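Residue-level structural notes
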Amino acid sequence: IEGKVALVMGASKGIGWGVAEALGREGARVALSARSAEGLEQVAAGINAEAVALSADTGDLEGISALPGRVAEVLGPVEILVTNTGGTGTPM
């Protein structure tokens, strides 16, 4: 996956952060996305690869539909997509 462009959603912590880090280790160029920009830049800086932080909320359909284009402007077209998103926070 060397040089491929990956978009990892829900990348500010947990599984998303781990996936983004692993993709970076494998040579992917990584776009990290999360609902809040808070902490996302720090996560991107900690990845040992070309990485950018782009906040986007999956609950905002108009905003989320623009995300692939934003990634393409910075890194190129998305070739790997990880749609890791959090739950509602409500216990089942």
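Everything here concerns the structure above.
From a predicted model like this one, the values you see are computed outputs, not experimental measurements. (Residues numbered from 1 in each chain as written. Predicted model: local features only at pLDDT ≥ 70, side-chain atom pairs only at ≥ 80, totals over all residues. Heavy atoms only, no water.)

1. Details of the pattern of salt bridges
Once their charged atoms are close, side chains differing in charge can pair, the charge on each being opposite to the other. The final tally for this structure, using the stated rule, is three salt bridges. A salt bridge links Glu-79 to Lys-4, with the shortest nitrogen-to-oxygen separation between them at 3.8 Å. Placement of Glu-79 in the loop between α3 (61-74) and β4 (80-83) and of Lys-4 in the segment before β1 (5-9) is noted, with a sequence separation of 75 residues between them. Given a relative accessible area of 47%, Glu-79 falls into the partly exposed group. Classification of Lys-4 as partly exposed rests on a relative accessible area of 38%. Salt-bridge contacts for Glu-21 lead to Arg-25; the nearest nitrogen and oxygen are separated by 3.7 Å. (Salt bridge = Lys/Arg side-chain N within 4 Å of Asp/Glu carboxyl O. Helix = DSSP H or I, 4+ residues; strand = E, 2+ residues; numbered from the N terminus. Buried < 20%, exposed > 50% of the residue type's maximum accessible area, 1.4 Å probe, protein only.)

All quantities given are derived from atomic positions and should not be read as evidence of function.
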